[in-house]
Amino acid sequence: MTEAAGLYVHIPFCSAICPYCDFAVARGGGAGRERFVEALDGEIEGRGSRADEDGSSAGGQVFEAAGFDTVYLGGGTPSALSVEQLGAIRRRLVGTFAIDPGAEWTIEVNPEDASAEALAGWRELGFDRISLGLQALDDRALRFLGRRHDAAASRASVERARAAGFRSVSVDLIYSLPGFDGGWWIETLEEAAALGPDHVSCYELTIHDGTPFGRRRDAGRLLEAGEDERAANFVATHRRLAEFGYEGYEVSNFARREADRSRHNRKYWRHQPYLGLGPSSHSFAGRRRWWNVAPWKDWSAAVARGDSTLAGREELTDDQLLLEAVMMGLRQRSGIDCAALERRFGIDPAAGNGRQIEAWEKAGWLRVRGRRLEPTLEGMARADRLAGEWRLP
């Protein structure tokens, strides 16, 4: 493996679980969080010293030659841990894995945790990129989303992160909220841009089965935004943020400069290798993908016993990898590089899709630039549908 890999650490704790959340998260007090840090230390040590006994190559050695050039602490809420606990995790990572001195270090943070003292502590630990989970910028929407912070805390967290000297400040926002119209969303984007973040991530509200929102929907007490409204919000998001200088380089992600694009997340989109640590984390290398058990107590018990933490694994075929590459290409402004995929797989991915490509170009969903297929904004809005219509050569 010659490509530098990404390193992801899942911190499962949240002070409260949002009604839309479908991630592997949990509420836990100080004793539980300390046990988690101890278990994570054990998993890191194990991953760095051996491959898993099931032969999945999930150990650290498969990444050893190229090392890691991105480290991402996500969750959950990494800022739920103390600066001292995060420092212990960082020291173990640096002491175990070959992490590039110039690596991008990202931490996800809730606005209510972003005190000046905490921000200074995270910067001192070496985090140079911060992702702030604002989700909204008015109190009514934040209450609907079950967030613990208010709009004033959202704004203050961006200002404090700027003052703390982070190289790149990113904010997360959620749109297509039931009962909130398109005008509300445009105002949210304008206010967010006025705060001056380097990067913005905008996610459409997805209502999952089994969540509080899912149960409210099933009971007829919550009506999801319609397809036309969601599509209009998507297009409006890209167009309005572009007016403020934020290029939509992926369906949900916007940056003012190339340097502000998430280096870590692009590894997921480009089939580059990454190693996941912590409960529910996923890993990928070559054609193999594997993932940990999700409940953190089950995961930590496995670490304590010296057992494998894996919940599953899969070996992808060339056809599966090619279809994934096409799907992810349609979600990115850079599009599908047919020449690069032909070098990788030995076949032209566009072969047999000429009629579809011609129809998509005529509809204004795709631009053909030599052997590169670039989705337009309208095409990116239909990325999943277009990927489903793609045929293998």
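Note that the coordinates shown come from a computational prediction; the quantities given were computed from them, not determined experimentally.

The next point concerns the confidence of the model for the protein chain. Taken over all residues, the pLDDT of the protein chain has a mean of 93, while the share at 70 or more is 95%. Low pLDDT (under 50) marks residues 51–59, which in the prediction has 25 contacts with non-local residues, meaning those over four places away or in another chain.

Attention shifts here to the nonpolar core. Ranked by internal contacts, the top residues of the largest apolar core, which has 85 residues, are Leu-93, Trp-122, Ile-130 and Leu-132. Looking at this core element by element, the count peaks at six residues for helix H6 (residues 182–195). With residues near it in sequence (within four places) discarded, Ile-130 still touches Ile-107, Val-109, Leu-119, Trp-122, Ala-161, Phe-166, Ser-168, Val-169 and Ser-170. Ile-336, Cys-338, Leu-341 and Ala-350 belong to the second largest nonpolar core, which has 22 residues in total.

On the basis of which strands lie adjacent, the open sheet formed by three strands has the order S13-S15-S14 and antiparallel pairing. Lying at the two open borders of the sheet, with one neighbouring strand each, are strand S13 (336–337) and strand S14 (366–369). Examined bridge by bridge, S13 and strand S15 (residues 372–375) share two bridges and lie antiparallel to one another. In the strand pairing of S15, Asp-337 is matched with Arg-372.

Looking now at helix H3 (residues 116–125). An α-helical turn contains 3.6 residues, so any two residues separated by three or four positions project in the same direction. All of the buried residues along H3 are Ala-118, Leu-119, Gly-121, Trp-122 and Leu-125. Along the axis of H3, the buried positions cluster into a sector of 160°, meaning they face one direction only. Counted as exposed and oriented over 90 degrees from the buried face of H3: Ala-116, Glu-117 and Glu-124. Buried residues belonging to H3 abut helix H2 (83–96), strand S3 (99–109), strand S4 (129–135) and helix H5 (151–164). Gly-126 occupies a position one or two residues after H3 and carries a positive phi of about 110°.

All told, the structure shown has 31 salt bridges when counted by the stated rule. The partner of Glu-43 in a salt bridge is Arg-47, with the nearest N and O atoms 3.6 Å apart. In this pair, Glu-43 and Arg-47 both sit in helix H1 (residues 30–49), four residues apart, roughly one turn of the helix. Judged by its relative accessible area of 6%, Arg-47 falls in the buried class. Across the salt bridge formed by Glu-374 and Arg-369, the nearest N and O atoms sit 2.8 Å from each other. The exposure class of Glu-374 is buried, given its relative accessible area of 17%. Here the salt bridges do not stand alone but share partners, grouping Asp-209, Arg-217, Asp-218 and Glu-224 into one network.

Moving on: the side chain of Glu-104. Locating Glu-104 in the fold gives a position in strand S3. For Glu-104, a relative accessible area of 0% translates into the label buried. Polar side-chain contacts of Glu-104 include one of 3.3 Å to the backbone nitrogen of Arg-263. Apart from residues lying up to four places away in sequence, Glu-104 is in contact with Asp-69, Thr-70, Val-71, Asp-128, Arg-129, Arg-167, Arg-261, Ser-262, Arg-263 and His-264.

The next point concerns the pairing of strand S11 (residues 288–292). Where strand S10 (residues 282–285) and S11 come together, four bridges link them in antiparallel fashion. Residue pairing across strands places Ala-285 opposite Arg-288, the latter belonging to S11. Turn length for the S10-S11 hairpin, with the two strands adjacent in sequence and antiparallel, is two residues, and the turn residue Gly-286 shows positive phi of about 65°. Judged from the five bridges that link them, S11 and strand S12 (residues 310–315) form a sheet pairing that is antiparallel. Bridge pairing in S12 places Trp-290 opposite Arg-313.

Basis of the calculations
Residues numbered from 1 in each chain as written. Predicted model: local features only at pLDDT ≥ 70, side-chain atom pairs only at ≥ 80, totals over all residues. Heavy atoms only, no water. pLDDT = per-residue confidence, 0-100. Contact = heavy atoms within 4.5 Å. Core = buried A, V, L, I, M, F, W, Y, C linked by side-chain atoms within 4.5 Å. Buried < 20%, exposed > 50% of the residue type's maximum accessible area, 1.4 Å probe, protein only. Helix = DSSP H or I, 4+ residues; strand = E, 2+ residues; numbered from the N terminus. Pairing = 2+ DSSP bridges. Arc of directions from axis to C-beta. Salt bridge = Lys/Arg side-chain N within 4 Å of Asp/Glu carboxyl O. Polar contact = N/O pair within 3.5 Å; in protein donor to acceptor, adjacent residues only side chain to side chain.

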